[in-house]
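Geometric and topological summary
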Amino acid sequence: MAERLYIAPTQYTPEIDFDPKKQKFKMGGIARPEDSYEFFEPVLSWVENFVKNTLEHHEENKLLNETFIIIFDFEYMNSSSSKYIFQIISNFKKFYDKRLNVSIFWYYDDPDDQILEDGEDFSEIINLPFNFLIRNN
Amino acid sequence: MQQNPEIINYQGYLNYQITGELIEKLEANSHKLNLKKSTYRKIVTLMVEIIENNYKYVNELADHMLESSSQKPYFIVKKEDSCFRLESGNPILKKDAAQLKEKIDFVNQLPQEDLQDLYKSTMANGIYENNKGAGLGIMKMAKISKRKIHYSIQDITEHLAYYTIKIYIPLNL
């Protein structure tokens, strides 16, 4: 099984907590790294490998009973980050395409929140349903 | 007392760290201005796109070129009567000016629905497509403001032009 990937948040980079054991994959905070490639490329690579290995090495019947929880809890993201976040979602979508249970939760603050529009765009582009949830704060 | 003063008025070269400082300044002012969280976030998102765009172009200029430019970069956020104005200026290479103009003119003539479609298809094309941008940042600015992007490009030297951009968003989005 892949090792958990944890990256602590900084003032302008998001927290990443991808925990294969719990099948819970969370990203959140502010996504405005100085170098989006440097920050996101290892994260994207981790997801690509995790999805590929999971689909290759697990028995399909077993996987059908499991649920992958993917949580996005961003305040805002710059456009170069959004391209990587989109690619990360695209990779998780491979589970959905294989008819596995995938639940995507996308948090926002109010209906005018830009991050809600960003999530709606992603969901629509990739043709994957998101659960949009108002943050409790 | 001065009416509608600038919330941010930064004159000089911008970079990643300064962007952070300006965001902090906006955040501090957002409480005084009683900004809705959603409005604050829209301004921050626009600010980041505009400033990153500003210093991305400036970083490509050789030092002697920058020294030859009498006009330095700046960034302003100002509250006006019915909107916020975000404005930025910076020198750019003349050879980049035509492509930049083309991108903004193209985005400006699109109805919102078509802009939305273009934004989505550009996003779907992924991370490997561009360096100076297929214009995702410019599209995002237009999408958030829901208004045309105001800009100008003026020649300043043989190799340099000065680019200014103004984005307006309603007071309480």
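An account of the accompanying structure is given in this report.

The rules behind the values
- Residues numbered from 1 in each chain as written.
- Chains lettered and ligands numbered in written order.
- Predicted model: local features only at pLDDT ≥ 70, side-chain atom pairs only at ≥ 80, totals over all residues.
- Heavy atoms only, no water.
- Helix = DSSP H or I, 4+ residues; strand = E, 2+ residues; numbered from the N terminus.
- Rg over C-alpha atoms; globule rule 2.2 N^0.38 Å.
- Contact = heavy atoms within 4.5 Å.
- Areas by Shrake-Rupley, 256 points an atom, 1.4 Å probe, with all protein chains shown as cover.
- Phe/Tyr/Trp six-rings, centres within 6.5 Å; stacked < 30°, edge-to-face > 60°.
- Buried < 20%, exposed > 50% of the residue type's maximum accessible area, 1.4 Å probe, protein only.
- Salt bridge = Lys/Arg side-chain N within 4 Å of Asp/Glu carboxyl O.
- Buried area = accessible area lost by both parts, 1.4 Å probe.
- Pairing = 2+ DSSP bridges.
- Axes fitted to C-alpha atoms, helices over the stretch in contact; angles between N-to-C directions.
- Polar contact = N/O pair within 3.5 Å; in protein donor to acceptor, adjacent residues only side chain to side chain.

The helix and strand inventory of chain B stands at six helices and five strands. Helices and strands appear in chain B in the N-to-C order β-α-α-α-β-β-α-α-α-β-β. The C-alpha radius of gyration of chain B comes to 16 Å, within 12% of the 16 Å expected for a compact globule of 173 residues. Across its three principal axes, chain B shows a C-alpha extent of roughly 45 × 40 × 25 Å. Within chain B, counting contacts between residues at least 6 apart in sequence, those at least 24 apart form 71% of the total. Here chain B displays about 8300 Å² of accessible surface, and carbon together with sulfur accounts for 48% of that area.

This brings us to the packing of aromatic side chains. Residue and element names in this part refer to chain A. Per the stated rule, a full pass over the model turns up 20 aromatic pairs over all chains. Residues Phe 18 and Trp 46 carry aromatic rings whose centres are separated by 5.5 Å and whose planes lie at 45° to one another, so their mutual orientation is tilted. Placement of the pair is Phe 18 in strand 2 (residues 15-19) and Trp 46 in helix 1 (residues 36-57), with a sequence separation of 28 residues. There is no split in this pair, since Phe 18 and Trp 46 are both buried. A centroid spacing of 6.4 Å and a plane angle of 25° characterise the contact between Phe 72 and Phe 74, whose relative ring orientation is stacked. Owing to a relative accessible area of 1%, Phe 72 belongs among the buried residues under this scheme.

We now examine the pattern of salt bridges. One pass over the full model with this rule turns up 19 salt bridges over all chains. Across the pair Glu 80 of chain B and Arg 85 of chain B runs a salt bridge, and its minimum N-O distance is 2.7 Å. Note that Asp 105 of chain B and Lys 101 of chain B form a salt bridge whose closest N and O atoms lie 2.8 Å from each other. Placement of both Asp 105 of chain B and Lys 101 of chain B in helix 4 (residues 94-108) is noted, with a separation of four residues, approximately one turn of the helix. Asp 105 of chain B gets classed as partly exposed once you look at its relative accessible area, which sits at 30%. Assessed through its relative accessible area of 41%, Lys 101 of chain B is described here as partly exposed. Each of Asp 73, Glu 75, Asp 109, Asp 113 and Arg 135 of chain A together with Lys 37 and Arg 41 of chain B takes part in one network of salt bridges that share partners.

This paragraph deals with the interface of chain A and chain B. Facing the 30 residues of chain A at the interface are 32 residues of chain B. Approximately 2800 Å² of surface area, both sides summed, lies buried where chain A meets chain B, with 50% of it carried by carbon and sulfur atoms. The largest per-residue losses of area from chain A upon contact with chain B belong to Arg 32, Lys 83 and Gln 114 of chain A, which jointly make up 23% of the total buried on that side. Run the count over chain A and chain B and you get nine salt bridges.

What follows is about the sheet that holds strand 3 (residues 24-31) of chain A. Residues and elements named next belong to chain A. The strand order across the open sheet formed by six strands is 1-2-3-4-5-6, and the pairing between neighbours is mixed. Lying at the two open borders of the sheet, with one neighbouring strand each, are strand 1 (5-7) and strand 6 (131-134). Averaged over all neighbouring strand pairs, the angle between strand axes comes to 15°, with direction disregarded. As defined by bridge partners, strand 4 (residues 67-77) adjoins strand 5 (residues 101-108) across six bridges and the pair is classed as parallel. Note that in strand 5 the partner of Ile 71 across the bridge is Phe 105. Sitting on the sheet, helix 4 (residues 114-126) touches strand 4, strand 5 and strand 6, and the angle it makes with strand 5 is about 155°.

Right, let's talk about the environment of Asn 78 of chain A for a bit. Inspection of the secondary structure assignment puts Asn 78 of chain A in the loop between strand 4 and helix 3 (79-97). Considering only alpha carbons, one finds Asn 78 of chain A and Tyr 96 of chain A, 18 residues apart in sequence, at a separation of 27 Å. With residues near it in sequence (within four places) discarded, Asn 78 of chain A still touches Ala 31, Arg 32, Pro 33 and Ser 36 of chain A together with Val 48, Glu 49 and Glu 52 of chain B. Side chain to side chain, Asn 78 of chain A and Glu 52 of chain B meet in a polar contact 3.0 Å long.

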